[in-house]
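# Results of the structural survey
Listed below are the residues making up each chain.
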Amino acid sequence: MNILEEISKRETEEFNQRREFLNVFKKYGRIYPIVSFSDALKPISIIGEFKPASPVKGIFIKNPKKEIRNFIDIYEKIGCKAISVLTNKRDFNGDPLYISYIKAFCNLPILYKNFILLEDQIEEAFLLGADCVLLIASILKPKRLKSLYAFANNLGLDSLIEIHDEEELNVVLELKPKIIGINNRNLKTFEVDINNTFRLSKNIPGEIKIVSESGIKSSEEIDKLFNCGISGVLIGEAMVKLANKPGDLKLKNFLKNSNVQNAC
Ligand SMILES: O=P(O)(O)OC[C@@H](O)[C@@H](O)c1c[nH]c2ccccc12
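Residues numbered from 1 in each chain as written. Predicted model: local features only at pLDDT ≥ 70, side-chain atom pairs only at ≥ 80, totals over all residues. Heavy atoms only, no water.

Test applied: UniProt positions are given in the numbering used here, feature names are shortened, and annotations may be inferred rather than shown by experiment.
Identification of the chain as indole-3-glycerol-phosphate synthase from Thermodesulfobium narugense DSM 14796 is taken from an unreviewed UniProt entry. Quoted straight from UniProt, the Pathway (unreviewed entry) entry for the chain says "Amino-acid biosynthesis; L-tryptophan biosynthesis; L-tryptophan from chorismate: step 4/5." UniProt's Catalytic activity (unreviewed entry) comment on the chain is quoted here verbatim: "1-(2-carboxyphenylamino)-1-deoxy-D-ribulose 5-phosphate + H(+) = (1S,2R)-1-C-(indol-3-yl)glycerol 3-phosphate + CO2 + H2O".

Laid out in structure tokens, this is it:
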């Protein structure tokens, strides 16, 4: 089993342990109206990720529950157009409930970031107030990917379908999705290469919005990505680091120095 399969398996176990809460959530239904995630992706939008930890780099945010409000307020202030929330507990120190915390004070569309293998996980995302779910092509057989995509669509949720190579891209193109996420990080080896976005985006038809994910650290990189037709960039670690030091000059310059603002 590779790392990705191990994390996905653990997430399913974790989900099964909290499954009873799904019935409680179902009883109350979804409170918040859906905000379109795909509409927020206008060249070029920054998706700020609330990422308390990573399995490779360890802890980024010591007390995520206490700090979540502060972080999201800063993400909004520096111009993020959407929020991504890690909801996997064991490996990323996330929590599905962070989705509803954020929804209570922030109007930006929210992505439920997790290792989804089951329809019930999508239902949890929907009931907690998420507007989009992540579907990772490399952990799903093409048939499962198709049915989970249809399930999310039926609930009115957008899906960010994540790919890492040509083979996955060919499977995903058959679904004619609204949004494709190109992961610059190989989730099997954790190696990062931003050129993956340049390489794969060439074969994606113009009507599909592209999000470049992982390893993005500078305004120069953001500019380059936007110049090659990318609609959004998803930034985790670098965004957390910027928000951790609000006095840091870098924070102010991060979006200012890039052409992002002109493009919006
Ligand atoms: O922190 P980074 O390098 O900016 O990466 C963010 C995001 O792309 C990454 O967290 C991610 C991409 N795909 C995932 C799937 C599951 C968990 C996490 C991820």
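## Structural notes on the sheet that holds strand E8 (residues 179-183)
Backbone-to-backbone hydrogen bonds pair the strands of a sheet. The strands run either parallel or antiparallel. This is how the line gets drawn: Pairing between two strands requires that DSSP report at least two bridges joining them. Under the DSSP-based scheme used, a helix requires at least four consecutive residues in state H or I and a strand at least two consecutive residues in state E, with every element numbered from the N terminus. Every axis corresponds to a line fitted to the C-alpha atoms, with the helix fit spanning only the stretch in contact, and the corresponding angles, defined between N-to-C directions, vary from 0 to 180 degrees. Only heavy atoms matter for contacts: two residues are in contact if any of them lie within 4.5 Å across the pair.
A barrel is described by the order of its strands in space; here 8 strands give the closed sequence E1-E4-E5-E6-E7-E8-E9-E10, paired in parallel fashion. If you compare each strand with its neighbour and ignore which way they point, the axes differ by 25 degrees on average. In this structure, strand E5 (residues 110-113) lies alongside strand E6 (residues 132-136), joined through 2 bridges in parallel fashion. Considered in E6, the bridge of Leu111 is made with Cys132. Most of the contacts of helix H2 (residues 64-77) go to strand E1 (residues 45-50), to which it runs at about 170 degrees, and overall it touches E1 and strand E4 (82-86). Sheet strands touched by helix H9 (residues 219-227): E1, strand E9 (209-213) and strand E10 (232-235). Its angle to E10, the strand with the most contacts, is close to 145 degrees.

## Notes on the pairing of E9
Heads up, the rule is: Relative accessibility thresholds used throughout: buried, under 20% of the residue-type maximum; exposed, over 50%; partly exposed, between the two (1.4 Å probe, protein chains only). Call a crossover right-handed when, viewed with both strands pointing away from you, the route from the first strand across the helix to the second goes clockwise.
Most of E9 sits out of view: 4 of its 5 residues are buried. The pairing of E8 with E9 spans 5 bridges and is classified as parallel. Paired with Ile179 across the two strands is Lys209, which belongs to E9. Of the crossover connections in this fold, the one passing from E8 over helix H8 (residues 195-201) to the parallel E9 is right-handed. As paired elements, E9 and E10 share 3 bridges and run parallel to each other. In the strand pairing of E10, Ser212 is matched with Val233. A crossover connection joins E9 to the parallel E10 through H9; in handedness this β-α-β unit is right-handed.

## Quick word on the site of the ligand
Test applied: Here a residue is near a molecule or strand as soon as one of its heavy atoms is found within 4 Å of it. Counted as a polar contact is a pair of N or O atoms within 3.5 Å, where, for protein atoms, one must be capable of donating a hydrogen and the other of accepting one, and residues adjacent in sequence contribute only when both atoms are in side chains. Polar here means any residue other than Ala, Val, Leu, Ile, Met, Phe, Trp, Tyr, Cys and Pro, which are nonpolar, and Asp, Glu, Lys and Arg, which are charged; Gly is therefore polar.
The environment of the ligand is formed by 19 residues, the closest being Glu49, Glu162, Arg185, Ser214 and Glu237. Within the side chain of Lys113, one N or O atom sits 3.4 Å away from an oxygen atom of the ligand. Here an oxygen atom of the ligand and a side-chain polar atom of Arg185 are 2.7 Å apart. Those elements that place two or more of their residues in the shell around the ligand are E6 and E10. Taken together, the residues of the shell around the ligand break down into 8 nonpolar, 4 polar and 7 charged.

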